[in-house]
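An overview of the molecular structure
Residue-level listing of the chains:
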Amino acid sequence: MESKVSVGLLGLGVVGSGVIKIIENHQEKLAHQLGCSVQVKSVLVKNLEKARDVNTDEIVLTTNPDDILNDPEIDIIVEVMGGIEETKQHILKAFSTKKHVVTANKDLVALHGPELEEAANQNKCDFYYEASVAGGIPILRGIADGLSSDRIQKVMGIVNGTTNYILTQMDSEGVSYEDALQEAKDLGFAEAEPSADVDGLDAARKMAILGRLAFSTPVDLEDVEVSGIRDIELEDLQYADQLGYTMKLIGYANFDSQELEVNVQPTLLSKSHPLASVKNEFNAVYVYGEAVGETMFYGPGAGSLPTATAIVSDVVSVIKNLRLGVTGNQFIEPHFKKELKTPDKRHGQYYVRLFAKDEAGVFSTISSIFHEREISFKRILQTPVKKHELAEIIFITHDTSLENFRNAREKLKDLDVVLEVKSYYKVEGDAVT
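The notes below deal with the structure included here. (Residues numbered from 1 in each chain as written. Predicted model: local features only at pLDDT ≥ 70, side-chain atom pairs only at ≥ 80, totals over all residues. Heavy atoms only, no water.)

Quick look at the overall build of the chain now. Along the chain, the regular secondary structure elements total 14 helices and 17 strands. Relative to the globule expectation of 22 Å for 433 residues, the C-alpha radius of gyration of the chain, 24 Å, shows essentially globular dimensions. Across the 433 residues in the chain, those meeting the buried criterion constitute 53%. Across the chain, contacts joining residues at least 24 apart in sequence account for 74% of those joining residues at least 6 apart. Here the chain displays about 19,500 Å² of accessible surface, and carbon together with sulfur accounts for 47% of that area. Here the chain contributes 44 positive and 67 negative side-chain charges, whose respective centroids are spaced 1 Å apart. (Helix = DSSP H or I, 4+ residues; strand = E, 2+ residues; numbered from the N terminus. Rg over C-alpha atoms; globule rule 2.2 N^0.38 Å. Buried < 20%, exposed > 50% of the residue type's maximum accessible area, 1.4 Å probe, protein only. Contact = heavy atoms within 4.5 Å. Areas by Shrake-Rupley, 256 points an atom, 1.4 Å probe, with all protein chains shown as cover. Lys, Arg positive; Asp, Glu negative; His and termini not counted. Charge placed at Lys NZ, Arg CZ, Asp CG, Glu CD.)

Below, the structure is given as structure tokens:
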């Protein structure tokens, strides 16, 4: 093993700059851990003349990826350029030239992770992607190594900081979705075009990766049912608070009887649930194992140095494997075939808010729809709507199948006494009252 390991960096944005800073600033610790120094030799950039906030005097900058991918002195490729198809080809080429790859690219891993892992395995290369989920939180390593002896049954996560910030502001400050989103943009927590975040796609990509790893099952992105937070109204958060809940965008993955359920949706969480206290831009992942029980991983889900910390930790893992001569051995074929749960096997509690005529017998008519499907109510609120002779009815059901709930919800829309089913959300946990 040489006294120096050379790294090639694809991309020099916020995260790429963080990688250089950590490698430079932590050189003494890295050398102590590894018995060798780590050097960023070359970086792929779009513009050679652009001003940088990181020292690149001893680094070769290039606009040609082949300068890095074909360099025999480079041992490890760190990919932080983003994108999918072009980036995928760069990584496949890196494997073909026997270079190990570390990436933070959740989109790429969610869509092509199994293919890239197989290519790495065939070339006896390592492929790590800890930073692709939840930034600086070591959740993938925690699942793959720390909980490797357990059977994981459930993974729930707040894995998108933008939506968590927006919902926290709506809940704690009473501001509208639009105002909270604008504040998130002003603070740099939300992109100018926030669709991937607020519509749940970013979280869905991360849950596909988590589900694949946690359950040793081939989870594809299209297996993840997704709904976002655009339509959440302040009234729902206020009623949730009154009932002992808080609203979060939750990524949920469950695996039992070798059947899989993965989704991302706004969820009312009991205030006693460990995830309920996760505020603002922070992320957390709750993991339930058959033996260990409840565990939770919490920390910053994005940012230059938190994400770079996860990347450099993966680089350290690669170098340790190089020194031991065991690279390219972490890929394991999925243990279970994919079998998605049907709606009749997916169970939960549900919150419903609707407007109905304010007259005798209305609630009895509504409740009969649910009782016919053996759905009982756990909590009920009813308030008159002034000047409109309407009643606003809010209720939370006991546990029922998704199929039964959907059937009841559709039947509600057919009732003359129901003017509008305003909102409905899944509920997790018992309320704090």
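Bringing the side chain of His 90 into the picture now. Tracing the sequence through the fold places His 90 in helix H4 (residues 85–96). Under the relative-accessibility criterion, His 90 is labelled buried at 10%. Each residue touching His 90, except ones within four places of it in the same chain, is listed here: Leu 10, Pro 65, Leu 69 and Met 81.

Bringing a negative patch on the surface into the picture now. The grouping of Glu 173, Glu 178, Asp 179, Glu 183 and Asp 186 at the surface amounts to a negative patch. If you tally residues by element for the negative patch, the top one is helix H8 (residues 177–186), at four residues. As for its position among the elements, Glu 183 is in helix H8. (Patch = residues over 30% accessible without salt bridge, like charges linked within 9 Å, V, L, I, M, F, W, Y side chains within 5 Å. Salt bridge = Lys/Arg side-chain N within 4 Å of Asp/Glu carboxyl O.)

An ideal rise of 1.5 Å per residue puts 16 Å on 12 residues; helix H14 (residues 402–413) measures up with 17 Å between its terminal C-alpha atoms. Leu 402, Phe 405, Ala 408, Arg 409 and Leu 412 are the residues of H14 that are buried. Viewed along the axis of H14, the buried residues span an arc of 130 degrees, placing them on a single side of the element. (Expected span 1.5 Å × (residues − 1). Arc of directions from axis to C-beta.)

Our focus in this paragraph is the nonpolar core. Phe 95, Ile 139, Val 155, Ile 166, Met 170, Leu 210 and Tyr 351 are the most contacted members of the largest nonpolar core, which totals 76 residues. The dominant element in this core, judged by the number of residues it contributes, is helix H10 (residues 201–215), at eight residues. Once residues within four sequence positions are removed from consideration, Met 170 is found in contact with Val 175, Ser 176, Tyr 177, Ala 180, Ile 232, Glu 233, Leu 234 and Leu 237. Counting 31 residues, the second largest nonpolar core, distinct from the first, contains Val 5, Val 7, Leu 12 and Val 312. (Core = buried A, V, L, I, M, F, W, Y, C linked by side-chain atoms within 4.5 Å.)

Our focus in this paragraph is helix H13 (residues 362–371). All of the buried residues in H13 are Val 362, Ile 366, Ser 367, Ile 369 and Phe 370. Mapping the buried residues of H13 onto a view down its axis gives an arc of 145 degrees, with all of them on the same face. On its buried face, H13 is in contact with strand S13 (347–357), strand S14 (377–385), strand S15 (390–397), H14 and strand S17 (418–428).

Within the element layout of this structure, Tyr 129 appears in the loop between strand S6 (127–128) and helix H6 (139–146). Residue classification places Tyr 129 among the buried positions, given a relative accessible area of 11%. Through-space distance from the C-alpha of Tyr 129 to that of Gln 330 is 12 Å; in sequence the pair is 201 residues apart. Apart from residues lying up to four places away in sequence, Tyr 129 is in contact with Thr 103, Val 109, Glu 117, Leu 140, Ile 209 and Asp 314.

Following the criterion strictly, the structure yields 30 salt bridges and no others. Note that Asp 220 is salt-bridged to Lys 338, the shortest N-O span being 2.7 Å. Highlighted residues: Asp 220 in the loop between H10 and strand S8 (225–226) and Lys 338 in the loop between helix H12 (304–324) and S13, separated in sequence by 118 residues. Given a relative accessible area of 27%, Lys 338 falls into the partly exposed group. Glu 225 is the salt-bridge partner of Arg 346, the closest N and O atoms lying 2.8 Å from each other.

The strand order across the open sheet built from six strands is S3-S2-S1-S4-S5-S6, with neighbouring strands paired in parallel fashion. Pairing within the sheet leaves two strands with one partner each, and these edge strands are strand S3 (60–62) and S6. Relative to strand S4 (residues 76–79), strand S1 (residues 4–10) runs parallel, the two being bridged by four bridges. Along S4, the bridge assignment pairs Leu 10 with Glu 79. (Pairing = 2+ DSSP bridges.)

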